[in-house]
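Each chain, letter by letter, is given below.
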Amino acid sequence: MQPSTSRRNRILATLAVIGPGIIAASAGNDSGGISTYSAAGARYGYKMLWMMVVMTPAFMIIQEMAGRMGAVTGKGFSALIRERFGVRPTFLAMLLLLASNAACTVAEFAGVAAAMELFGVARYLSVPIAAAVVWLLVVRGSYRNVEKVLLGLSSVFIAYVISAFMAKPDWLAVSRAIVVPSVVPTSGFIAMAIGLTGTTIAPWMQFLVQSNIVDKGTTIKEWRVARLDVMVGALAANLVAMFIIITTGAVLHPAGIMVTSAKEAANALAPLAGHYATLLFAIGLLAASVLSAAVLPLTASYAICEAFGWESGLDRDWSEAPVFNGLYTVIIFGAAAVILIPGVNLISIMLVSQVVNGMMLPFLLIFMMLIINDRAIMGAHVNGPVHNILAWGTIVVAIALTVLLLGMTVLGVG
Amino acid sequence: MYYLTQLLGKPVVDAAGQTIGTISDIAISTGEVFPRVTSLAFLGPDKTPFMLSWRKFVDSVDEERVTLNTDRAGLRFSYIQPDEVLLHRDLLNKQIVDTQGMKVVRVNDLKLSESRNQLRLLGAEVGARSVLRALSPRLERFASRVARFFHAELPETVIAWNYMDLLERDLSSVRLSVTHKRLHELHPADVADVLEQLSPSQRAKVFEHLDNAQAADAISELEDAFQADVIDDLGSERASDILEMMDPDDAADIIGDLPYDKAEALLRLMGVDQSSTIRRLLGYKEKTAGGIMTPEVTTVTEEMTVQQVIELLRREAADNETIYYIYVVEDDSSLVGVVSLRDLVMSEPETTVRDIVHRDVFTAGVDDDQEDVAELMSKYDLLAVPVVDETGKLLGIVTVDDALDVLEEESAEDLALATGADRALDTTDAWGWLGRTSGWLTIWGVTGVCVALLLGRFAPTLRGLFAIVLFVPLVMRLAEEVSAHSLGMLIEAGDPAERPPLHRRLLVDLLVGLGIAAVSSLIVFGTLEALGEPRKAVLVVTAAVPVSVLAATIAGTLVPYIALGKDETSWRVPSSLLSAGFALLALAVYLGMAAYLTGVLGA
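A quick note: this is a predicted structure, and the numbers were derived from the prediction, not measured. (Residues numbered from 1 in each chain as written. Chains lettered and ligands numbered in written order. Predicted model: local features only at pLDDT ≥ 70, side-chain atom pairs only at ≥ 80, totals over all residues. Heavy atoms only, no water.)

Engineer: Sorry if this is basic, but what is going on with the overall build of chain A here?
Structural biologist: In terms of regular secondary structure, chain A is built from 19 helices and zero strands. Buried residues in chain A amount to 60% of all 414 residues. Pairs at least 24 residues apart make up 83% of the contacts formed inside chain A by residues separated by at least 6 positions. (Helix = DSSP H or I, 4+ residues; strand = E, 2+ residues; numbered from the N terminus. Buried < 20%, exposed > 50% of the residue type's maximum accessible area, 1.4 Å probe, protein only. Contact = heavy atoms within 4.5 Å.)

Engineer: How should the overall build of chain B be read in this particular structure?
Structural biologist: Tallying secondary structure elements over chain B gives 26 helices and 20 strands in all. In chain B, which comprises 603 residues, the proportion classed as buried is 48%. A separation threshold of at least 6 residues defines the contact pool for chain B, and within that pool the share at least 24 residues apart is 62%. Per element, the accessible surface of chain B, about 28,900 Å² overall, is 56% carbon and sulfur. (Areas by Shrake-Rupley, 256 points an atom, 1.4 Å probe, with all protein chains shown as cover.)

Engineer: Sorry, what's going on with the nonpolar core here?
Structural biologist: General note: in soluble globular proteins, nonpolar side chains tend to be found buried as a group. Counting 105 residues, the largest nonpolar core has Met48, Phe77, Met94, Trp204 and Phe207 of chain A as the members making the most contacts within it. Take this core: its biggest share by element is 15 residues, from helix α13 (residues 223-255) of chain A. Not counting chain neighbours up to four residues away, the residues in contact with Trp204 of chain A comprise Ala27, Gly28, Asp30, Leu97, Ser100, Asn101, Cys104, Val295, Leu296, Thr299 and Asn357 of chain A. Membership of the second largest hydrophobic core comes to 63 residues, among which are Leu243, Ala252, Val329 and Val338 of chain B. (Core = buried A, V, L, I, M, F, W, Y, C linked by side-chain atoms within 4.5 Å.)

Engineer: Whenever I open this one, the side chain of Asn162 of chain B confuses me. Can you help?
Structural biologist: All names here are of chain B. Of note, Asn162 is situated in the loop between β13 (158-159) and β14 (164-166). Note on Asn162: relative accessible area 7%, which makes it buried. Apart from residues lying up to four places away in sequence, Asn162 is in contact with Val33, Thr99, Ser177, Thr179, His180 and Lys181.

Engineer: Explain a negative patch on the surface to me, please; I cannot follow it from the model alone.
Structural biologist: Residues and elements named next belong to chain B. On the surface, a cluster of negative charge is made up of Asp193, Asp211, Asp217, Glu221, Glu223, Asp224, Asp253, Asp257, Glu286, Asp401, Asp405 and Glu408. Looking at the negative patch element by element, the count peaks at three residues for helix α19 (residues 400-419). Positionally, Asp211 belongs in the loop between α7 (200-209) and α8 (212-221). When its relative accessible area of 44% is taken as the criterion, Asp211 is described as partly exposed. (Patch = residues over 30% accessible without salt bridge, like charges linked within 9 Å, V, L, I, M, F, W, Y side chains within 5 Å. Salt bridge = Lys/Arg side-chain N within 4 Å of Asp/Glu carboxyl O. Lys, Arg positive; Asp, Glu negative; His and termini not counted. Charge placed at Lys NZ, Arg CZ, Asp CG, Glu CD.)

Engineer: Can you help me understand helix α4 (residues 49-73) of chain A in this one?
Structural biologist: Residues that lie three or four places apart on an α-helix share one face, since the helix turns once every 3.6 residues. Residues and elements named next belong to chain A. Taking 1.5 Å of rise per residue, the 25 residues of α4 would be expected to cover 36 Å, and the 37 Å separating its terminal C-alpha atoms lies within 8% of that figure. Roughly 30 degrees is the biggest bend found in α4, and it falls at Met55, with proline Pro57 one to four residues downstream. Within α4, 21 of the 25 residues are buried, which leaves the element mostly enclosed by the surrounding structure. Positioned one or two residues after α4, Gly74 has a phi angle of 70 degrees, which is positive. (Expected span 1.5 Å × (residues − 1). Bend = angle between axes of the 7 residues up to and from the residue.)

Engineer: Just to check I follow, could you spell out the packing of aromatic side chains for this structure?
Structural biologist: A ring pair, where both rings are aromatic, is described by two values, the distance of the centres and the angle of the planes. This model, assessed by the stated rule, comprises 16 aromatic pairs over all chains. Each ring, one from Phe165 of chain A and one from Phe243 of chain A, has its centre 6.1 Å from the other, and the planes form 35 degrees; the classification is tilted. A residue pair is termed long-range when its members are at least 10 positions apart, and Phe165 of chain A in helix α9 (residues 158-166) and Phe243 of chain A in helix α13 qualify at 78 residues. For Phe243 of chain A, a relative accessible area of 16% gives the class buried. On the numbers, 4.2 Å between centres and 25 degrees between planes, the contact of Phe362 of chain B with Tyr380 of chain B is stacked. (Phe/Tyr/Trp six-rings, centres within 6.5 Å; stacked < 30°, edge-to-face > 60°.)

Engineer: What is the right way to look at helix α15 (residues 306-316) of chain B in this model?
Structural biologist: Residues and elements named next belong to chain B. All of the buried residues along α15 are Val306, Val309, Leu312 and Leu313. Buried residues in α15, looked at end-on, bunch into an arc of 120 degrees, giving them a common side. Exposed and oriented more than 90 degrees from the buried face of α15 are Arg314 and Arg315. Packing partners of the buried residues in α15 comprise β15 (299-300), β16 (325-329), α16 (341-346) and α17 (353-356). (Arc of directions from axis to C-beta.)

Engineer: What is the right way to read the confidence of the model for chain A from this model?
Structural biologist: Parts of the prediction with low pLDDT should not have their coordinates interpreted in detail. Residue and element names in this part refer to chain A. Confidence in the prediction for chain A averages 80 pLDDT; 88% of positions are at 70 or higher. Ranking the elements of chain A by mean pLDDT puts helix α1 (residues 3-14) last, at 42, and helix α5 (residues 77-85) first, at 92. In the predicted structure, residues 1-17 sits below a pLDDT of 50 and forms 18 contacts with residues beyond four places in sequence or in another chain. (pLDDT = per-residue confidence, 0-100.)

Engineer: What is the right way to read the sheet that holds β16 of chain B from this model?
Structural biologist: Strand pairs in the sheet, formed through backbone hydrogen bonds, run parallel or antiparallel to each other. All names here are of chain B. The mixed open sheet is built from three strands, whose spatial order is β15-β16-β17. Of all the strands in the sheet, just β15 and β17 (335-340) have a single pairing partner and so form its edges. Pairing between β15 and β16: two bridges, direction parallel. Counted as the bridge partner of Val300 is Val328 from β16. (Pairing = 2+ DSSP bridges.)

Engineer: Before we go on, may I ask you to explain a nonpolar patch on the surface in this structure?
Structural biologist: Together, Phe142, Val146, Phe149 and Phe150 of chain B make up a nonpolar patch on the protein surface, roughly 480 Å² of accessible area in all. Its location among the elements puts Phe150 of chain B in the loop between α5 (137-149) and β13.

Engineer: I'm lost on the pairing of β17 of chain B in this one. Help?
Structural biologist: Put simply, side chains in a regular strand alternate between the two faces of the sheet. Along β17 of chain B, six of the six residues are buried, which leaves the element largely enclosed by surrounding structure. Linkage of β16 of chain B to β17 of chain B, two consecutive antiparallel strands, is achieved through a turn of five residues, within which Ser333 of chain B is found at a positive phi near 60 degrees.

Engineer: Explanation requested: the sheet that holds strand β19 (residues 384-388) of chain B in the structure shown.
Structural biologist: All names here are of chain B. Taken together, three strands build an open sheet; the order of strands is β18-β19-β20 and the sheet is mixed. Taken across any chain shown, the strands that pair with only one partner, and hence form the sheet edges, are β18 (364-365) and β20 (394-399). As defined by bridge partners, β18 adjoins β19 across two bridges and the pair is classed as parallel. Pairing of Ala364 across the sheet is with Val387, part of β19.

Engineer: Hey, could you run me through the packing of helix α3 (residues 31-44) of chain A against α13 of chain A in this one?
Structural biologist: For any two helices packed against each other, one specifies the crossing angle of their axes together with the interaxial distance. Residue and element names in this part refer to chain A. Where α3 meets α13, the axes come as close as 7 Å, and the angle between the chain directions of the two elements is 40 degrees. Relative to α13, the element α3 is oriented oblique. Judged by the sense of rotation from one axis to the other, the crossing of α3 with α13 is right-handed. Between α3, through Ile34, Tyr37, Ser38, Gly41, Ala42, Arg43 and Tyr44, and α13, the contact on the second element is made entirely by Ala241, Ile244, Ile245, Thr248, Gly249, Leu252 and His253. Looking at the contact of α3 with α13, its residues break down into eight nonpolar, five polar and one charged. (Axes fitted to C-alpha atoms, helices over the stretch in contact; angles between N-to-C directions. Parallel < 35°, antiparallel > 145°, perpendicular 65-115°, else oblique. Left-handed = near helix turned anticlockwise from the far one by under 90°. Nonpolar A, V, L, I, M, F, W, Y, C, P; charged D, E, K, R; others polar.)

Engineer: I'm lost on the pattern of salt bridges in this one. Help?
Structural biologist: Pairing between side chains of opposite charge can happen when their charged atoms approach one another. Residues and elements named next belong to chain B. Throughout the structure, instances matching the rule amount to 21 salt bridges over all chains. The salt bridge partner of Arg133 is Glu140, with a shortest N-O separation of 3.2 Å. When its relative accessible area of 10% is taken as the criterion, Glu140 is described as buried. The network of salt bridges with common partners includes Asp109, Lys111, Glu125, Arg129, Arg133, Glu140 and Glu156.

Engineer: I would appreciate a short explanation of a positive patch on the surface in the present structure.
Structural biologist: Where like charges cluster on the molecular surface, the positive patch consists of Arg138, Arg141, Arg145 and Arg148 of chain B. Summarising the element assignment, Arg148 of chain B is placed in helix α5.

Engineer: Explain the confidence of the model for chain B here, please?
Structural biologist: Residues and elements named next belong to chain B. Of the residues in chain B, 84% have a pLDDT of 70 or more, and the chain-wide mean is 79. Mean pLDDT across the elements of chain B ranges from a minimum in helix α20 (residues 428-436), with 47, to a maximum in strand β2 (residues 11-13), with 92. Contacts from residues 420-437, a stretch scored under 50 in pLDDT, to residues over four places away or in other chains number 35 contacts. Within the model, pLDDT remains below 50 along residues 566-572, and this stretch shows 19 contacts once partners closer than five positions in the same chain are excluded. Prediction confidence for the complex, expressed as pTM and ipTM, is 0.68 and 0.76 respectively.

Engineer: Quick question: what am I supposed to make of the pairing of strand β4 (residues 37-43) of chain B here?
Structural biologist: Residues and elements named next belong to chain B. Here β4 lies mainly inside the structure; six of its seven residues are buried. Of the strand pairs in this sheet, strand β3 (residues 19-29) and β4 are connected by six bridges, and their pairing is antiparallel. Paired with Ile28 across the two strands is Val37, which belongs to β4. What sits between the antiparallel neighbours β4 and strand β5 (residues 49-53) is a turn of five residues, in which Asp46 has the positive phi angle 60 degrees.

Here it is as structure tokens:
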């Protein structure tokens with residue numbers, strides 16, 4: 001062993017528990033998220049920044065609970081649901097998770113198509129290649145390698161920070177908007193607020209962070225460090241979201257340009273903030289979409305196989321884990337194929353995925369609260385009273401917003 | 001036949017016909033192969049839990065209820081006994097180890113059967129059928145009817161109690177039947193198989209039940225990727241104890257994969273002899289004779305008698321990996337020769353080693369490639385080969401088990417060369433299957449959509465379109481076949497030096513390609529003429545097919561040849577993917593040609 005490798009190993013050992021939280025949270029800033037944030041900034045300027053600040057602790061609390069369940073029990077979220085509630089609720093939850101993840105994966109490939117079209121590459125070329133790359137990354141990589149690539153991809157989010165600075169916002173106005181809550185009393189504003197919540201706290205992130213913690217073998221003894229990772233990840237993800245809002249808020253809002261997708265936002269940036277802002281925006285979108293397109297199908301496969309006791313894991317080959325491998329393969333290529341159907345309405349696909357997410361969230365959060373307060377499962381690590389109040393508060397708000405969103409979608413308001 | 005999921009929640013009725021609660025669980029005694037049900041747990045009013053002795057109080061059971069033999073006042077409640085297992089609490093929905101199939105599975109249902117008024121557990125159901133039943137019995141009936149329509153049976157997968165090991169509940173205090181197999185009683189290789197399926201925390205639980213020797217055996221059998229992880233997860237004390245029990249070469253392999261701090265800590269906890277041996281082994285390069293050898297070797301000098309040698313073996317060599325060969329050295333430990341156990345047994349006790357030693361010994365240099373050493377052993381059927389340094393000093397031996405590992409590893413590498421799969425040791429079929437079915441299906445699907453889109457653009461008439469589409473599969477299939485053949489030839493050649501030069505290969509492949517192109521254009525022409533296609537379309541397609549096949553042939557020769565380069569192990573693209581690429585290339589050429597010719601001929 002040479003000294004250089006030994007030093008590297010030591011750093012690796014320290015960093016061993018870092019990763020799951022950051023990846024899980026970054027994957028949340030997927031193409032749907034970027035679209036929503038861009039639209040929020042373009043339409044309402046900085047007025048929604050304070051909501052991201054309020055949402056951050058809620059997001060952190062939920063991610064922390066998921067991670068803690070993983071560290072204490074050594075089991076994934078779906079396994080806990082199965083063992084605590086039996087086959088039928090599990091089946092329902094897994095069906096919803098599959099539907100939501102598949103829909104989100106379609107949205108990710110839509111993001112890839114949009115980003116590459118900004119570079120002038122046709123989607124009929126970019127999407128099949130992206131699907132193949134993502135699939136190979138998942139199939140060929142060991143968990144550690146995949147994690148490294150994903151961590152690398154999540155660092156591309158710095159692109160948004162840079163493009164925010166290039167947009168030259170009025171930082172005084174930005175900081176005021178962060179501290180002072182402001183509400184525009186229109187149904188459009190409320191719909192946007194719901195959209196923000198839905199993309200920030202997506203249900204599959206809890207599955208993801210918990211299964212990553214379990215996969216890493218993080219125990220409750222190492223939880224202190226891992227928790228930091230989970231919290232920092234949540235914080236970083238929301239910061240990135242805020243920079244996206246700042247970018248479009250600084251450039252597009254004053255010009256009165258409304259956008260509905262990340263691609264429109266990026267295109268709209270060019271004449272106002274320069275070509276490089278568009279470029280950075282597109283790179284960020286591409287990285288986000290690829291990252292999430294790799295993570296989402298995996299999350300669904302892990303969760304479903306764990307719930308029903310089928311073998312799973314990146315280290316298993318096809319004969320050992322046919323369902324696991326089959327599931328993510330079908331999701332990845334199926335989602336990519338949907339994008340290639342001519343005339344498919346990508347905006348409505350994103351909308352459907354958000355609605356499914358919204359429907360799932362209350363169910364899952366309630367499952368989570370019941371499990372995490374069950375002493376037979378969590379032992380001494382059940383929630384404390386303060387934690388419970390905060391978590392239930394978050395859940396009530398999330399449910400209220402979701403019900404509102406569903407109601408508004410059904411009634412066609414906003 | 002009863003199923004636990006159907007019994008749970010059903011009413012418990014006393015002798016007077018009064019419902020006194022609903023079934024919440026059923027306990028079994030653990031000592032038999034098909035355990036008896038011993039207690040009934042039910043929830044009374046206000047969800048108060050109660051437990052009753054099954055033998056004393058249960059009169060009968062059917063699909064709708066459990067009927068007791070006395071009225072409520074006559075009941076005597078009991079408590080769960082330490083050796084009882086509760087079916088709902090401990091088994092249903094939980095993960096168990098199937099110690100017969102060496103698999104970790106989740107229990108979907110438990111099957112009970114009644115014989116002479118005694119309810120017994122038949123086993124745990126783990127198959128898809130039991131998932132359907134748990135969802136809804138109607139769904140199960142529907143699925144089995146559908147299956148019968150196709151003349152198939154929906155199979156039940158039942159694991160008997162004696163083949164279950166519980167992961168959640170510690171059964172060590174429970175009396176089990178003689179035939180009950182627990183995980184840690186299995187062969188180390190089987191234990192290793194199961195360990196690889198468990199999560200890290202479950203693995204830790206299993207290791208609590210293994211003693212150090214069993215743990216050492218099991219870890220040795222694990223795949224390399226898991227070994228360091230498992231050791232890393234164990235406490236340092238235990239880990240170093242286990243490593244000490246392993247063969248030093250195996251232990252060194254694992255320690256070499258650990259983070260530096262952990263490795264140092266473990267080495268410091270070990271005995272001085274062990275740790276210095278391992279440190280020395282760590283100094284040798286990986287994938288050389290030094291890297292795989294064990295230093296535990298029995299040495300004797302020429303002056304010793306056969307009698308003395310045998311006594312020495314008895315005294316000192318009990319732990320050595322092999323005692324079949326005994327190496328004869330001089331005082332400075334330079335190798336003189338070898339005597340086999342056979343020589344010793346066949347000789348008179350007073351004979352000196354000098355008289356029976358074979359001085360002509362196969363040896364391996366410490367820096368020799370491990371593959372060469374393994375091939376040497378395989379060629380001359382050796383059980384061990386001595387490893388010497390450049391001055392001829394004996395450093396250790398490579399034993400046949402390590403050589404087998406090397407050969408397996410190398411064949412996996414060769415396979416990886418063919419498929420691009422890293423961990424392809426026992427996955428030949430799986431990768432082949434993957435490449436041929438699902439990968440292809442998806443590529444076909446995506447390609448189909450693309451082709452449909454492109455064709456809409458340039459196809460002049462519907463008739464012409466038909467002619468073009470008809471041969472898309474042929475073009476892609478041929479391209480795949482041709483390129484796979486070409487890559488196969490390269491791999492077969494193995495060593496870059498033995499590969500035929502590029503121009504010769506190109507010539508050969510070109511001829512083959514031309515032949516295929518000629519045959520295929522004949523087929524195309526014949527088919528289209530027979531179908532009565534428009535003359536223009538026939539010409540276009542008849543020209544486009546051979547050109548695209550030829551293009552794929554040339555690319556199929558050139559690309560692997562260039563990519564393979566000098567170092568064959570750097571080749572890491574799955575051949576199935578590569579073939580797919582060539583197929584797509586051929587398709588592009590085909591469609592391009594068709595489009596061009598259509599334009600030239602005038603639509």
